[in-house]
Amino acid sequence: MKKGFWQGAWKRLKKNRFAMAGLAIVCVLLFIAAAAPLIANNRPYIYISGERVYFPLFFDYPELRERDLRKSEFSGFKIFPPVPYSYSEYDLDSIVLPPGPKHYLGTDEQGRDLAARMIHGTRISILVGFIAVLIYVSIGIVVGSLAGYYGGAVDLVVSRLIEIMMCFPTFFLILTILALWGPSLASVMVVIGITSWPGIARIVRGEFLRLKEGDYVMASRALGARDSWIIFRHILPNSLAPVLVSATFGIASTILTESSLSFLGFGVQPPTPSWGDILNQFRDFIDFAWWLTLIPGFAIFITITAYNLLGEGLQDALDPKSAGRK
């Protein structure tokens, strides 16, 4: 696809304020996910004791005891992360505290800092979303490309397989597989990935059916180009725009699916924090500890909204006709 197309799409995207707001939120979430251990951790960035300088957050020092690194100990100079707590750190003296200067988002019934758990939960949600989407987009591209390019019996078999897969309620199929396989982070990503590819396959198949009769494809065939070269060099790059839009919506859907699975106890297992698991653990606390359910619920809502706004913006930006309509 020509470079000018992507430049024009970016210009159209920048004019969409809602899409850019969604993109900004997504970028912030990606930063939090990537830097989670640097933002929320109970080990200091730097610890100076006497003439020795330590970097406990980045390296392990056998001579240092854990109690020496605690914020309450003033045996030396320490610089802690903005949230100086681990997501699995218990403090029985700080049970179910409301949001305040010490614990920015409060604590749960075991004294764990909710801000630290939410920050590390961001990493889980983003990781599951991107990897699961990468898996099913890869499968969908391969399957859809073969069906659309070769047609005939290949298209017939793939089309029937897609229809069979789409007949199953995806969420309940995921629940069934996880019940047999066992819940874990890897299984959640793989199961969502291998059950969600039909939509991408249908998009790619339709694009290939439209593009394979183009003049540039016919010219490549006349010159003796291999099928693999035509598929991956000529047709596939020109069919990726709708795939990119669908993948953006798919990340939002996958994050919601993972949160729902965690809410039901089939997702990421404790003590690893997940927004859905946090919501599940404290749904009975809403009468007297509202922040324990409102905060993860709002995080899920704002994340899905951001991806949907970005997806809608991309859908308009990648459609050249939209520029003329607007």
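Residues numbered from 1 in each chain as written. Predicted model: local features only at pLDDT ≥ 70, side-chain atom pairs only at ≥ 80, totals over all residues. Heavy atoms only, no water.

## Some words on the overall build of the chain
In step 1: The helix and strand inventory of the chain stands at 15 helices and three strands.
In step 2: When the backbone C-alpha atoms are referred to their principal axes, the chain occupies close to 80 × 45 × 45 Å.
In step 3: When burial is assessed residue by residue, the chain has 44% of its 326 residues classed as buried.
In step 4: Intrachain contacts of the chain at a sequence separation of at least 6 include 67% that bridge at least 24 residues.
In step 5: When the accessible surface of the chain is totalled, it reaches about 17,000 Å², and 65% of it is carbon and sulfur. (Helix = DSSP H or I, 4+ residues; strand = E, 2+ residues; numbered from the N terminus. Buried < 20%, exposed > 50% of the residue type's maximum accessible area, 1.4 Å probe, protein only. Contact = heavy atoms within 4.5 Å. Areas by Shrake-Rupley, 256 points an atom, 1.4 Å probe, with all protein chains shown as cover.)

## Focus: the sheet that holds strand β1 (residues 46-49)
In step 1: Here three strands make up an open sheet; going across it, the order is β2-β1-β3 and the pairing antiparallel. The sheet is open, and its two edges are formed by β2 (52-54) and β3 (77-79), each paired on a single side. Going across the sheet, the axis of each strand differs from the next one's by a mean of 10°, ignoring polarity.
In step 2: As paired elements, β1 and β2 share three bridges and run antiparallel to each other. Its bridge partner lying in β2, S49 is registered against R52. (Pairing = 2+ DSSP bridges. Axes fitted to C-alpha atoms, helices over the stretch in contact; angles between N-to-C directions.)

## Re a nonpolar patch on the surface
In step 1: There is a patch of nonpolar side chains on the surface, built from L38, V53, F55, F58 and F59 and spanning about 460 Å² of accessible area.
In step 2: Within the secondary structure, F55 is located in the loop between β2 and α4 (66-69).
In step 3: For F55, a relative accessible area of 35% gives the class partly exposed. (Patch = residues over 30% accessible without salt bridge, like charges linked within 9 Å, V, L, I, M, F, W, Y side chains within 5 Å. Salt bridge = Lys/Arg side-chain N within 4 Å of Asp/Glu carboxyl O.)

## Considerations on the packing of helix α5 (residues 114-150) against helix α12 (residues 240-264)
For any two helices packed against each other, the geometry comes down to the angle between their axes and how far apart the axes lie.
In step 1: At their nearest, the axes of α5 and α12 sit 8 Å apart, and the two run at 135° to each other. Looking at the two axes, α5 sits oblique to α12. For the crossing formed where α5 meets α12, the hand is right-handed. Residues I124, S125, I126, V128, G129, F130, A132, V133, Y136, V137 and I141 of α5 form the contact with α12, whose participating residues are L240, V243, A247, G250, I251, T254, I255 and E258.
In step 2: Grouping the amino acids of the contact of α5 with α12 by side-chain chemistry returns 14 nonpolar, four polar and one charged. (Parallel < 35°, antiparallel > 145°, perpendicular 65-115°, else oblique. Left-handed = near helix turned anticlockwise from the far one by under 90°. Nonpolar A, V, L, I, M, F, W, Y, C, P; charged D, E, K, R; others polar.)

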